Amino acid sequence: MNMGIEPFLVATSVNLICAQRLVRRVCVNCKEELEVPQQALIDAGYTPEEAKTTKIYTARAVAHATSAATRAAPVFTRSWKLTMSSAS
């Protein structure tokens, strides 16, 4: 993004970075279990014990599905406070 200022001014002025992700809720009438290999879950950060019991769901298209689920979508955020020690 070009804000019309020199990049070194941004680097010295940023104090906090925030990232967000909208998550879609899967309705109980639309969800179906997705077969995911245990090794893929482990590669994604799950422990081997978690990978054995974790179930992943996906949504299938159904006639009654609406955009109402996306209006109430939960938001996950992550913030990073920048300090001199985090710059290295």
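Residues numbered from 1 in each chain as written. Predicted model: local features only at pLDDT ≥ 70, side-chain atom pairs only at ≥ 80, totals over all residues. Heavy atoms only, no water.

J.: Would you take a moment to explain the overall build of the protein for this structure?
T.: A tally of helices and strands in the protein yields 4 helices and 4 strands. Along the protein, helices (α) and strands (β) appear in the sequence α-β-β-α-α-β-α-β when read from the amino end. In the protein, which comprises 88 residues, the share counted as buried stands at 5%. Restricting the contact set of the protein to residue pairs at least 6 apart, pairs at least 24 apart contribute 78%. Per element, the accessible surface of the protein, about 7700 Å² overall, is 56% carbon and sulfur. (Helix = DSSP H or I, 4+ residues; strand = E, 2+ residues; numbered from the N terminus. Buried < 20%, exposed > 50% of the residue type's maximum accessible area, 1.4 Å probe, protein only. Contact = heavy atoms within 4.5 Å. Areas by Shrake-Rupley, 256 points an atom, 1.4 Å probe, with all protein chains shown as cover.)

J.: When you look at the pairing of strand β4 (residues 75-81) in this model, what are you seeing that I'm missing?
T.: Regular strands place their side chains on alternate faces of the sheet. Among the 7 residues of β4, 0 are classified as buried, and the element is accordingly described as predominantly exposed. As paired strands, strand β1 (residues 16-22) and β4 are joined by 7 bridges and run antiparallel to one another. Looking at β4, one finds that Q20 is bridged to T77. (Pairing = 2+ DSSP bridges.)

J.: What am I meant to see in the environment of R78 here?
T.: With respect to the secondary-structure elements, R78 resides in strand β4. Assessed through its relative accessible area of 53%, R78 is described here as exposed. With 61 residues separating them in the primary sequence, R78 and I17 have C-alpha atoms 8.3 Å apart. Excluding residues that lie within four positions of it along the chain, R78 makes contacts with I17, C18 and A19.

J.: How should the environment of Y46 be read in this particular structure?
T.: Structurally, Y46 can be placed in the loop between α2 (38-43) and α3 (48-53). We classify Y46 as partly exposed; its relative accessible area is 33%. Once you skip the residues sitting within four places of it in the chain, Y46 turns out to touch L41, A51, T54 and I56.

J.: What is the right way to look at the packing of aromatic side chains in this model?
T.: The geometry of an aromatic ring pair comes down to the distance between the two centres and the angle between the two planes. Throughout the structure, instances matching the rule amount to 0 aromatic pairs. The ring of Y57 is capped by K31, whose NZ or CZ atom sits 4.3 Å from the centre of that ring. (Phe/Tyr/Trp six-rings, centres within 6.5 Å; stacked < 30°, edge-to-face > 60°. Lys NZ or Arg CZ within 6 Å of the ring centre and 35° of its normal.)

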